[in-house]
Each structure stands twice: as structure tokens, then as C-alpha cells.
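What follows is the residue order along each chain.
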Amino acid sequence: MASDNVKRITGSEILSEKALSYKPLKGKTVLLGITGGIAAYKAAVYSRKIRALGARVIPVMTCHATEFLSPITFAALTGEKVYTDLFCIEGAENIPHIELAKSADLFLVLPATANIIGKAANGLADDFLSTLLLAFSGPVLFFPSMNPVMYAHPATQTNMERLKTLGYGVIEPETGETACGDSGRGRLADWPVVKEPILKATTLQTLKGINVLVSAGPTREYLDPVRYISNRSSGLMGYAVARVAVRRGARVTLVSGPVSLPPPPGMKLCPVETAGEMGDTISKLSQNVHVIIMTAAVADYAPAARADRKIKKDTSELRVDLVRTTDILSQLVKDRRDGQIIVGFCAETQDLKAQAIKKIRLKGADLLIANDVSRPDSGFDALNNRVFIVSSDGDIEPLPLLHKEEVGEKIWDRIQNMLPQTV
Ligand SMILES: Cc1cc2nc3c(=O)[nH]c(=O)nc-3n(C[C@H](O)[C@H](O)[C@H](O)COP(=O)(O)O)c2cc1C
């Protein structure tokens, strides 16, 4: 039962909770090339989302793209002039496609038609967008979107391969029903899949070559086939830690308890249910890993027995014997390979600092991230978190209330300083 000072938040409160502002693209300029595909409307939505991440978004539309959406839409959504015409030059010294190419950090072609893919693969430059692509020397990401038969056509496939050999990023479209009613691969990816390569392309690859294992979410300890003991962990913190590692170039495996979050792109996901399964999976995967971060809220106790059939209700009380589960963090420290960095999380409702220092000494982890789960605005289920980073020498770094992705960044900043220079 909850003690009086432990404030609970409900599902509807979580939905209404406001994520703190998180602007990983602050100070960046993104060129958004929109071509004449049906998914141009998604570019309108995504332009706002990229802007919300802190970037200045400058739209460039092909002539055919303006058949689908008006430049006014993009001007209003981005607050910028929309470039469409190669020869609309106001001053002789300011050639827009050259100036824009110099000023931007990232170029997205979204949606990318079969036509622009073919043109860019062959270095053609017959309009503003294709000419700007040749004049731009920074990272470019293409987001192909088209009818599945057009997408599967050998010419499209060959052109996409050529784009990759030219050093461009190509983000595969999704499989499903496309706007024309056909089913197959060709649908422009949803925002979470679009967002990650954008953030990766603008992030220093400080974890390149590093293998990372992250655990996340709760575990379920079954009483019978339909009932289990679990906890309020949503997986948000662990998924954020894993995403930040992918953005910094790490190879990431995420061992996740049951959560209602979509599978994060760019990493290997291993779903598990019980503490036992989580322990076994992590122990199998931990050998070739440089950094392990245990954000999962693993059950400390599990029912001593799991009934094969649903336990029937009767008039008497039901007593359940609980037994200790294996302490995964302690086991990992015991089996630690040379140089492996092990980071634990602890969730407390009282004496947070004292409990964290006690726990890091007891378990032997390199860092312990302590979160106060009694607060309604941080910890379990919340979009933001307020944590202390405790190191093995007892040093405590308190962090303010931050968006969970920013907490993930701070944790990785600390771990990066602990990694050997050559891995
Ligand atoms: C209704 C309609 C929808 C279209 N949707 C797509 C599409 O999703 N993807 C694509 O590659 N081409 C699509 N096309 C074809 C392109 O508009 C056409 O190839 C055009 O030349 C592309 O020009 P651009 O790449 O310069 O914008 C569509 C055409 C029409 C009429």
C-alpha cells in the first residue's frame, strides 16, 4: 500500500503532463527539400516538429511539390521564405542556392520522389532543389516515398544504392497501405522513425565503436496465467538513454520489459517479461558490451509458485509467498569483463542520497542514477526526471528537473569521460 507521503499520478495526469522543452537542434539550420509526392502533407507536419526541436527550417520546394501544397503553407509553418525558383535572384552578389548551401547544417529531402532520387543519383541540376543538393557539402538525408511498384522498380533501387555510395543517407520507407490504395513498401515513415536519423546526423559520433546494453521498463512476476505483480515503470527513461546512445553512434541492444512504447529505431530490441528472463537475456548479451545501463525496474520479489491455471476466487483469504529474485546489477558486477562500465538506477521514495550512496557501495556499480519517485513531476511514468548522479567515490551530482532525453544526455556525458580513449 502507498504511504501517505507518496503521491500517485494517474494515467490522465501523465498525458496532460507537459514535457520540458528539449531543443537538441538549437542553433542548427535545416534545409527541407519538398518534392512532388503525395506525402508532401507530412512534410508540413514534420517541418513544425523539426522547428520544435530548436532548428531553423528553410523550405525548398520543387515546382511539382507546389501542385500538392502551396508555398504559403510552409512559409507560415516555418516562418521562412520558401525557395522554389532557381532564377529568382534579387541581387547579383547573392545567389540563393550558393548562400543557402553555405549556411545550413543538414539537408532533408522529404518526401523524396523517384524523380529526385534519380536526378540526385546522377548529379542532375535542373531546378532549385537539385542544384542546391549539388552545392551543399554537409549531411543529406533522403526520405523516399512512393507507390510500392515504383519503389521496387530496379531503376529506383539502383538509384538509391547510388545515393548511398555517394555518401547520402537514405531512410527506408515503411510497409503498409500507401495513399494510392496499394499495399507494400513505400509509405513515408512516421515521425519517431524520421526524427532519429535527423538527430543522429547532427550529433557528434562520440560513442562510435562502443557496444551498449540498456535495460528498461518493469518486469511482471506471474501468480497464475492472468495475474502478475509489477510496478509503474513506463520504460521512458531507459528508452531515452538508449536513443541518445544510438544518436551518438553506439551499437545498442535494448532489453525491455513490457511497455507501451513503440520499438525505437536504430537498435536491437529484446523484449522480456519476468525478472528471470531479463537476467538470463542480459547475462547472455553482456559479454561483448562496453557499457551496461540498468534502468529497468526489476522486481525484487516474485511469487514462490506460478499456478498453471487461473486461481479461483473463494471466500477465504489468499496468501502469496514471495521469494527474492536474482539481483541482476550485483550479478553483472560480479561477472564484469575487463574495463566494462556498469551503471545502475535506483528509485527511492525517501532518503534518496543516503540510499543511493549505500546502494552504489553495496553493488559496486560505477555510477548510480538515483531518482525520487515520490514526486508527481518526475520518476516513474513522467516525461521529465530529476536525478542525482552518484559515482563510486561517493561524489553526488544533482541535476535539475529535465526532459528525460536530456537526462540521458547528461548520463552519457559522464560515461564518455570514463571510457578509455581506444576501445
Ligand atoms: C497525384 C499524384 C501523386 C504522386 N505521388 C508521388 C509519390 O508519392 N512519389 C513519387 O515519387 N512520385 C509521385 N508522383 C509523381 C511525381 O509527382 C512526378 O514524378 C514528378 O515529376 C516529381 O517531380 P519532383 O521530383 O520534381 O517533385 C505523383 C503524381 C501525382 C499526379
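Everything that follows concerns the structure shown earlier in this document.
Residues numbered from 1 in each chain as written. Predicted model: local features only at pLDDT ≥ 70, side-chain atom pairs only at ≥ 80, totals over all residues.

Peer 1: Run through the site of the ligand, naming residues and quoting values.
Peer 2: In the vicinity of the ligand lie 15 residues, with Gly36, Gly37, Thr62, Thr113 and Met146 positioned nearest. By residue number, the principal contributor to the shell around the ligand is helix 6 (residues 114-121), which donates three residues. Looking at side-chain class alone, the shell around the ligand contains seven nonpolar, eight polar and no charged residues. (Near = placed C-beta within 6 Å. Helix = DSSP H or I, 4+ residues; strand = E, 2+ residues; numbered from the N terminus. Nonpolar A, V, L, I, M, F, W, Y, C, P; charged D, E, K, R; others polar.)

Peer 1: Any details on the nonpolar core? Residues and values, ideally.
Peer 2: Ala242, Ala245 and Val343 are the most contacted members of the largest nonpolar core, which has 59 residues in total. Top element by residues in this core is helix 11 (residues 236-247). It accounts for nine residues. Residues contacting Ala245, with those up to four places away along its chain left out, are Leu207, Val212, Ala250, Val252 and Trp412. The next biggest cluster of nonpolar side chains, apart from the first, holds 51 residues, and it includes Ile50, Ala55, Phe143 and Ile198. (Core = buried A, V, L, I, M, F, W, Y, C linked by C-beta atoms within 7 Å. Buried ≥ 20, exposed ≤ 12 C-beta atoms within 10 Å, placed from the backbone. Contact = placed C-beta atoms within 7 Å.)

Peer 1: Describe in detail the sheet that holds strand 5 (residues 169-170), supporting the description with residues and values.
Peer 2: Consider a sheet: its strands pair through backbone hydrogen bonds, and that pairing is either parallel or antiparallel. Pairing within the open sheet is parallel, and its five strands lie in the order 2-1-3-4-5. Sheet topology places strand 2 (56-61) and strand 5 at the edges, where each strand pairs with a single neighbour. Where strand 1 (residues 29-34) and strand 3 (residues 106-112) come together, four bridges link them in parallel fashion. Bridge pairing in strand 3 places Gly33 opposite Val109. (Pairing = 2+ DSSP bridges.)

Peer 1: Could you give an account of helix 6, with specific residues and numbers?
Peer 2: Among the eight residues in helix 6, six count as buried, and that is most of the element. Looking at helix 6, one finds that the buried residues are Ala114, Ile116, Ile117, Lys119, Ala120 and Ala121. Buried residues along helix 6 sit against strand 3, helix 7 (128-135), strand 4 (140-144), helix 8 (148-152) and helix 9 (154-165). One or two residues past the end of helix 6 sits Gly123, with phi positive at roughly 70 degrees.

Peer 1: Outline the packing of helix 6 against helix 9, supporting the account with residue identities and numerical values.
Peer 2: Viewed as axis vectors pointing N to C, helix 6 and helix 9 meet at an angle of 50 degrees, and their least axial separation amounts to 9 Å. Considered as vectors, helix 6 and helix 9 are oriented oblique to each other. Crossing angle aside, the handedness with which helix 6 passes helix 9 is left-handed. Across the interface between the two elements, Ala114, Ile117, Gly118, Ala120 and Ala121 from helix 6 touch Ala155, Thr156, Asn159, Met160, Arg162 and Leu163 from helix 9. Considered class by class, the residues forming the contact of helix 6 with helix 9 number seven nonpolar, three polar and one charged. (Axes fitted to C-alpha atoms, helices over the stretch in contact; angles between N-to-C directions. Parallel < 35°, antiparallel > 145°, perpendicular 65-115°, else oblique. Left-handed = near helix turned anticlockwise from the far one by under 90°.)

Peer 1: Which residues make up the sheet that holds strand 20 (residues 396-398), and what values go with them?
Peer 2: What the eight strands build is an open sheet, ordered 12-11-8-13-16-17-19-20; its pairing is mixed. Either end of the sheet is taken by a strand with one partner, and the two such strands are strand 12 (268-271) and strand 20. Strand-to-strand twist in this sheet, taken as the mean axis angle between neighbours without regard to direction, amounts to 15 degrees. For strand 8 (residues 211-216) and strand 11 (residues 251-256), the ladder comprises six bridges, and the chain directions are parallel. Paired with Ala216 across the strands is Ser256, a residue of strand 11.

Peer 1: Kindly report on the packing of helix 10 (residues 191-201) against helix 11, identifying the contributing residues and their values.
Peer 2: One can describe the packing of helix 10 onto helix 11 by two numbers: an axis separation of 8 Å at closest approach and a directional angle of 50 degrees. One way to sum up the angle between helix 10 and helix 11 is to call them oblique. Across from Glu196, Leu199 and Lys200 in helix 10, the residues of helix 11 making contact are Arg243, Val246 and Arg247.

Peer 1: Describe in detail the pairing of strand 8, supporting the description with residues and values.
Peer 2: The buried fraction of strand 8 amounts to six of the six residues, a majority that puts the element mostly inside the structure. Where burial is concerned, the two faces of strand 8 agree: the one with Asn211, Leu213 and Ser215 and the one with Val212, Val214 and Ala216 are both buried. The sheet contact formed by strand 8 and strand 13 (residues 291-294) spans four bridges and is parallel. Following the sheet pairing, Val212 is matched in strand 13 by Val291.

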